[in-house]
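Descriptive analysis of the structure
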Amino acid sequence: MATEHREKEEEEEAKTDGGSPKIKPRPIVQLGIFLISHSPVFSVVFSASGVMALLLLPLLAKNTYISENALMPGSARSMLSHRDVSDGSKLVNDIKNFRLNHDEGQGVEVQRVIGKYMLDTGAEVSYQKFQPEGNHFHPLHFFSGPASFSNLGNVSCDSYGVNVAGIIRAPRGDGKESIVLVTPFDFINGGDYEVLSLGIASSLFSLLARVTWLSKDIVWLVADSRYGDYRPVAAWLSEYHTPSFEVSDLSKCEDEVNISDGFRRAGTVAAALVVKVDGRSERFEDTLSIYAEASNGQMPNLDLINVVNYLAVHRQGFYVKVEKVVTLLSSSWLKTLGEIFEAVGKVARTSNPDWKFGIPAADYLEGSATLASSLYSQALGIPTGPHGAFRDYQVDAITLKVSPRFPPDNKGRQHEFFLRGAQLLEGTIRSVNNLLEKFHQSFFLYLLTSPGKFISVGVYMIAFALLVAPLPMVAASLYIDGCNTKTLTNATDNSAENMKSWKWLHAAKQVFALHLLGFIVTLLPYFICQVPGEQSPTNLSIIWATTSSSLLLVTFVTVPGCSPFSSRLHGTDWSVLKSVTISAAFIGLCLMSIINFATAEIGALLLVPMCLMVRPIRPDLRSRRVKSLLRALCSMVLVTIGFPVMFFAISKGLIGEGLVGLSLGGEFWTWLESLWAWKSATYLYIGMVHLPCWLLCLCILFHTS
């Protein structure tokens with residue numbers, strides 16, 4: 001009887017007031033309710049964990065390895081002979097002697113010297129004229145493809161460049177694939193070090209013209225870099241992939257270059273190497289710097305870097321390095337953190353020898369500086385070399401800058417330098433020549449902490465996920481509080497009644513209005529650039545700031561409830577406004593992580609603390625309690641740092657380039673100009689995600705509640 005009575009009581013408890021059976025919440029729903037109800041605690045835990053995970057990344061870096069077995073770097077002996085190196089030295093001497101015996105600016109005679117050398121090796125030679133590209137922002141061309149290079153309207157025949165390209169047809173190939181070797185060279189003002197890159201490439205070209213193992217065509221492009229390293233390569237690739245059948249105005253220019261044979265092409269580009277000799281090495285050995293970042297954080301396949309690094313270190317004895325943030329190497333707090341991690345690692349290995357946690361403090365400092373540089377370069381979205389033009393066509397490419405340890409007039413060391421440099425390129429080309437398909441085995445998404453260590457996407461995404469994880473929880477908690485719900489349990493039971501509350505529409509209207517304003521501000525540079533006359537970057541930044549501020553005031557006046565001082569009149573609670581703001585920031589950061597993870601990571605470090613901490617300061621100031629005053633101070637500091645111009649100034653200060661006053665606005669305009677010139681998605685993120693969220697946080701900060 002007692003059992004039957006207990007079962008009846010359970011059945012009655014399992015029914016609602018209407019007699020229908022009560023649905024038991026699923027475990028995932030219960031977990032969500034628990035996280036939302038304790039969102040302040042979890043926000044602190046997840047945010048701190050995200051920052052800690054970012055600091056732990058140098059410890060989690062793995063050694064690089066060759067994923068594609070077909071590459072087999074260093075498995076074959078070098079076939080480069082001293083005769084090939086002598087041919088390269090002869091070309092360098094011919095160019096130097098010609099420039100000594102002739103005045104600067106002698107037409108295209110240097111190009112003819114290089115073209116004649118290519119013809120003597122049996123290669124097919126073609127010349128390409130191109131115009132320098134303007135740096136004009138056009139919103140309709142922002143998402144256009146790499147073939148959208150538009151020449152300037154009326155360009156005189158004195159302001160164009162000439163590229164020289166030589167093609168060696170592969171004896172074992174079918175002409176469907178090719179490997180491109182690029183050597184940028186300023187034919188007018190090229191220095192003594194720059195001409196050495198032609199010696200390395202010509203030594204290799206002399207060898208490749210007579211080998212029988214080639215299965216891919218070889219293209220040697222000598223890019224005319226008088227207008228920069230990137231533009232000539234991009235112009236050549238544009239013509240290579242999307243030929244134009246219109247007669248160019250440059251064909252009317254009279255010169256001594258014969259372009260009647262037309263533009264010559266090889267097969268689909270499998271990989272590309274850009275080689276430059278850049279000044280004297282600061283070390284006692286020849287230095288090789290690798291640059292891999294392309295537009296919008298794109299990276300080449302890691303196997304290409306691994307092959308070059310392996311051959312340079314273990315075969316040719318180069319000191320290989322990648323760029324790093326030098327100022328971090330002298331950071332005392334980072335050094336202290338590295339020593340702590342080193343001590344923890346020693347304790348962990350004492351407990352269990354299999355635990356390989358922790359690295360020496362010096363390695364941690366070097367890895368952090370390199371990681372910061374890799375993260376910053378990818379976040380900018382600007383290519384770090386001419387190789388970025390190839391990545392626009394989904395071609396794996398890197399730039400190799402070689403710094404010899406001898407002065408350029410040292411003939412004895414020059415021969416050895418050409419030999420080692422050409423052998424490095426020979427081994428790399430031989431490995432790529434072995435591939436039957438494109439690079440695909442290794443990683444495309446990674447961060448470098450050294451030439452021989454990397455962090456894969458599965459590791460570095462953890463830090464970003466931990467940073468943004470509190471946003472949806474806090475947004476849901478604030479929305480529930482703003483809708484005056486009594487308890488979280490009642491909210492789940494009466495979800496139909498809560499859906500009748502449309503308070504969030506007023507906040508959504510304000511969020512939409514400010515995001516629309518951000519979109520307009522993003523397009524303003526196009527109209528500002530139409531102003532006639534030459535304007536300095538400082539003046540352009542003042543015009544942009546004045547116009548944007550005027551539009552903001554107009555938005556506050558014309559859109560009801562958009563101003564922070566009128567929100568109370570329209571019944572918008574600050575917690576609901578903050579909830580919608582956090583939701584918009586979460587969506588923007590997640591979308592940006594797909595386009596460019598590095599931008600989303602840095603943006604999350606700024607945006608997440610600001611969105612979580614900001615709240616109206618008037619109640620805190622009126623209470624005069626220490627806790628409230630500290631909270632108000634923290635909110636104001638985060639909002640101040642979160643302003644894009646202020647963060648730009650702080651970043652410049654950290655690297656030793658302090659900017660104050662109007663010069664800051666000019667530098668910021670120049671920086672943004674470089675972003676839109678390279679079609680960096682970071683520019684869109686700043687204008688359409690970060691700036692609107694910052695304005696919304698400002699509205700919350702000065703809310704009249």
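Analysis parameters
Residues numbered from 1 in each chain as written. Predicted model: local features only at pLDDT ≥ 70, side-chain atom pairs only at ≥ 80, totals over all residues. Heavy atoms only, no water. Helix = DSSP H or I, 4+ residues; strand = E, 2+ residues; numbered from the N terminus. Expected span 1.5 Å × (residues − 1). Buried < 20%, exposed > 50% of the residue type's maximum accessible area, 1.4 Å probe, protein only. Arc of directions from axis to C-beta. Pairing = 2+ DSSP bridges. Right-handed = clockwise from strand over helix to strand, strands pointing away. Axes fitted to C-alpha atoms, helices over the stretch in contact; angles between N-to-C directions. Parallel < 35°, antiparallel > 145°, perpendicular 65-115°, else oblique. Left-handed = near helix turned anticlockwise from the far one by under 90°. Contact = heavy atoms within 4.5 Å. Nonpolar A, V, L, I, M, F, W, Y, C, P; charged D, E, K, R; others polar. pLDDT = per-residue confidence, 0-100.

Considering helix α22 (residues 626-642)
Across its 17 residues, α22 extends 24 Å between first and last C-alpha, which sits within 8% of the 24 Å expected from 1.5 Å per residue. Every buried residue belonging to α22 is among S628, A632, S635, V639 and G642, and all of these are buried. Projected onto a plane normal to the axis of α22, the buried residues spread over an arc of 100 degrees and lie on a single side. For α22, the exposed residues set more than 90 degrees away from the buried face come down to V626, K627 and L630.

Some words on the pairing of strand β7 (residues 287-291)
Most of β7 is tucked away: five of the five residues are buried. Neither face of β7 is left uncovered, since the one carrying T287, S289 and Y291 and the one carrying L288 and I290 both have all their residues buried. One ladder, built from three bridges, connects β7 with strand β8 (residues 319-321); its direction is parallel. Bridge pairing links L288 to V320 in β8. Note that the unit made of β7, helix α8 (residues 302-314) and β8 has a crossover that is right-handed. Judged from the five bridges that link them, β7 and strand β9 (residues 396-403) form a sheet pairing that is antiparallel. Directly across from T287, in β9, lies its bridge partner S403.

Details of the packing of helix α3 (residues 39-60) against helix α14 (residues 470-482)
Between α3 and α14, whose axes approach to 9 Å, the crossing angle comes to 165 degrees. It follows that α3 is roughly antiparallel to α14 by the angle criterion. As α3 packs across α14, the resulting crossing turns out to be left-handed. Of α14, the residues touching α3 (which contributes S39, F42, S43, F46 and S47) are P470, M473, V474 and S477. When grouped by side-chain class, the residues that make up the contact of α3 with α14 number five nonpolar, four polar and no charged.

Remarks on the sheet that holds strand β10 (residues 446-450)
Across the sheet, which stays open at both edges, the three strands sit in the order β1-β11-β10 with antiparallel pairing between neighbours. Bordering the open sheet on either side are β1 (62-63) and β10, each of which pairs with just one other strand. One ladder, built from four bridges, connects β10 with strand β11 (residues 453-456); its direction is antiparallel. Bridged to Y446 within β11 is S456.

Re the confidence of the model for the chain
Per-residue confidence for the chain gives a mean pLDDT of 82, with 83% of residues at or over 70. Per-residue pLDDT stays below 50 along residues 495-500; that stretch engages in three contacts with residues further than four places along the chain or on separate chains.

Observations concerning the sheet that holds strand β5 (residues 217-224)
A sheet is described by the order of its strands in space; here eight strands give the open sequence β2-β3-β5-β4-β6-β9-β7-β8, paired in mixed fashion. Among the strands making up the open sheet, the edge pair consists of β2 (124-130) and β8. With strand direction ignored, the average angle separating the axes of adjacent strands in the sheet is 20 degrees. With eight bridges joining them, strand β4 (residues 177-185) and β5 adopt parallel strand pairing. Bridged to S178 within β5 is D217. Contacting β3 (161-168), β4, β5 and β6 (268-277), helix α6 (residues 196-208) runs over the sheet at an angle of about 155 degrees to β4. The strands touched by helix α12 (residues 411-434) within the sheet are β4, β5, β6, β7 and β9, with β6 carrying the most contacts at an inclination of about 165 degrees.

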